[in-house]
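What follows is each chain in one-letter form.
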Amino acid sequence: MVSVDGCFIIDKPAGLTSHDVVARVRKAIGEGRVGHTGTLDPFATGVLVVLVGRATRLAQFLSGADKEYEAVIRLGYATDTGDVTGTRLKPEETFTAETQRTQSFRREDIEAAMASLRGRIEQTPPMYSAKKVEGRKLYQLARRGEEVERQPVLVNVSEFAAITHNGALLNNNDDKTRDLKVHVVCSAGTYIRTLAEDFGNQLGVGAHVAELRRTRAGQFKIENAITLERLNELAQLESLEQMLISPDATLSSLPALQLGADAARRIVHGIDLQLEGANGSSWTSGQAVRLRNEDGQLIAVGIYDGQRGTVHPQVVIVNA
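Now for a description of the structure that goes with this document. For clarity, every value in this text was computed on a predicted model and none was experimentally measured.

Thresholds applied
Residues numbered from 1 in each chain as written. Predicted model: local features only at pLDDT ≥ 70, side-chain atom pairs only at ≥ 80, totals over all residues. Heavy atoms only, no water. Helix = DSSP H or I, 4+ residues; strand = E, 2+ residues; numbered from the N terminus. Buried < 20%, exposed > 50% of the residue type's maximum accessible area, 1.4 Å probe, protein only. Contact = heavy atoms within 4.5 Å. Areas by Shrake-Rupley, 256 points an atom, 1.4 Å probe, with all protein chains shown as cover. Expected span 1.5 Å × (residues − 1). Salt bridge = Lys/Arg side-chain N within 4 Å of Asp/Glu carboxyl O. Pairing = 2+ DSSP bridges. Phe/Tyr/Trp six-rings, centres within 6.5 Å; stacked < 30°, edge-to-face > 60°. Lys NZ or Arg CZ within 6 Å of the ring centre and 35° of its normal.

**Focus on the overall build of the chain**
- Assigned secondary structure in the chain consists of nine helices and 17 strands.
- C-alpha extents for the chain along the principal axes are approximately 75 × 50 × 45 Å.
- By the burial criterion, 47% of the 320 residues in the chain qualify as buried.
- Within the chain, counting contacts between residues at least 6 apart in sequence, those at least 24 apart form 69% of the total.
- When the accessible area of the chain is evaluated, it comes to approximately 16,300 Å², of which 45% is carbon and sulfur surface.

**Quick look at unusual backbone geometry**
- Phi at Asn 166 takes a positive value of approximately 55 degrees, unusual for a residue other than glycine.
- Structurally, the position occupied by Asn 166 is in the loop between strand S8 (153-162) and strand S9 (170-172).
- The phi dihedral of Glu 238 falls on the positive side, at around 55 degrees, and the residue is not glycine.
- If you trace the backbone, Glu 238 turns up in the loop between helix H7 (228-236) and helix H8 (247-250).

**What about helix H6 (residues 192-203)?**
- With twelve residues, H6 extends 17 Å between its outermost C-alpha atoms, agreeing within 8% with the 16 Å of an ideal straight helix rising 1.5 Å per residue.
- With nine of twelve residues buried, H6 is to be regarded as a mostly interior element.
- The complete set of buried residues in H6 reads Ile 192, Arg 193, Thr 194, Leu 195, Ala 196, Asp 198, Phe 199, Gly 200 and Leu 203.
- Count one or two residues on from H6 and you reach Gly 204, which has phi positive near 75 degrees.

**Concerning the pattern of salt bridges**
- One pass over the full model with this rule turns up 16 salt bridges.
- Two residues, Glu 31 and Arg 33, come together in a salt bridge whose shortest N-O distance is 3.0 Å.
- Note on Arg 33: relative accessible area 37%, which makes it partly exposed.
- Between Arg 308 and Asp 272 there is a salt bridge, with the nearest N and O atoms lying 3.3 Å from each other. With a gap of 36 residues between them, Arg 308 in the loop between strand S16 (298-305) and strand S17 (310-316) and Asp 272 in the loop between helix H9 (261-268) and strand S14 (273-274) connect regions that are remote in the sequence.
- Through salt bridges that share partners, Asp 66, Glu 68 and Arg 216 make up one connected network.

**Details of the sheet that holds strand S15 (residues 288-292)**
- If you trace the five strands from one edge of the open sheet to the other, you get S13-S15-S16-S17-S14, paired in mixed fashion. Of all strands in the sheet, those with a lone pairing partner are strand S13 (256-258) and S14, marking the two edges.
- Two strands pair when backbone bridges link them, and S15 and S16 are joined in this way by five bridges, in the antiparallel orientation. Each bridged residue has a counterpart across the sheet, and for Ala 288 the counterpart in S16 is Ile 303.

**Here's the deal with the pairing of strand S10 (residues 178-186)**
- By the criterion of burial, S10 is predominantly enclosed, with eight of the nine residues buried.
- Strand direction decides the pairing type here: strand S4 (residues 67-75) and S10, joined by nine bridges, are antiparallel. Bridging from a neighbouring strand, Glu 68 pairs with Val 185 of S10.
- Relative to S10, S8 is paired through five bridges, and the arrangement is antiparallel. Paired with Val 157 across the bridge in S10 is Cys 186.
- Here S9 pairs with S10 via three bridges, running antiparallel. Bridging across to S10, Asn 171 finds its partner in Asp 179.
- Count of turn residues in the S9/S10 antiparallel hairpin: five residues, of which Lys 176 carries a positive phi of about 75 degrees.

**Here's the deal with the packing of aromatic side chains**
- Counting across every chain of the model gives two aromatic pairs.
- Ring centres 5.9 Å apart and planes at 75 degrees place the aromatic pair Phe 160 and Phe 199 in the edge-to-face group. One end of the pair, Phe 160, is in strand S8; the other, Phe 199, is in helix H6, with 39 residues separating them in the sequence.
- Phe 160 gets classed as buried once you look at its relative accessible area, which sits at 1%.
- Judged by its relative accessible area of 0%, Phe 199 is buried.
- Between the NZ or CZ atom of Arg 88 and the centre of the ring of Tyr 77, over which it lies, the distance is 4.0 Å.

Right, here's the structure in full:
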């Protein structure tokens, strides 16, 4: 099979880990170099950015992109994982029996609780997460019944709003719990499970995430995603290029420089590029820049040094 270089936007199904998705993409396209840029929990669905071939070297320039989600927050009890897959916690482990009852929440109370969690806030990473503490993944410790101290992390929640249905804010469930559907836009590294728990804390009731769907990661939207089944079909038809995003388009949010043959040759050999004229005049030091050859193909990503007026080839994706 011909080498595949670029990016696929996969609509991850529930029940698979992000690693499972990578393994299935690898098998479908016959390419060993496959990776993703942002983990989704197994129960979650939606946008998973999967890099393949030489484009796997570009992950560092995508992993910090902001994310967008639709989620269902279930009010009534908390779980040990913060989501629907976890074990229900007893009321005394979270709130008293009186406050645990899902009373008739007023719209203004819900809005006030959401408003308190918008903007730059601190989050404590959940024990059931892939975050590492002293080289150990938290979820591995949690499964052994261990709990370790985690340092709060500063994140940015730019949007946190309720999604109403026929004017109704909350949906009543048979078990006396109530569901609130929400829309969230946040920085990379934000835990929606923690956001749901903190939201419940503001209302004085246990809460967890019942459903979670990522609708955007950076520039990549759910409308452009394909299922694993569709990816398999395209691979069988040898038509992967229909949905493959080129390495250059994958980083289209970055500024670009078109290079002549000599400059391109120097870049792929790891030699800094001295900028001339107005090139780079609007950039700040540390800016990542796409470096293209005469055919408009991405050959490297460089980092701009404002003091020296140079671009250093940080990652080269073509052979010298």
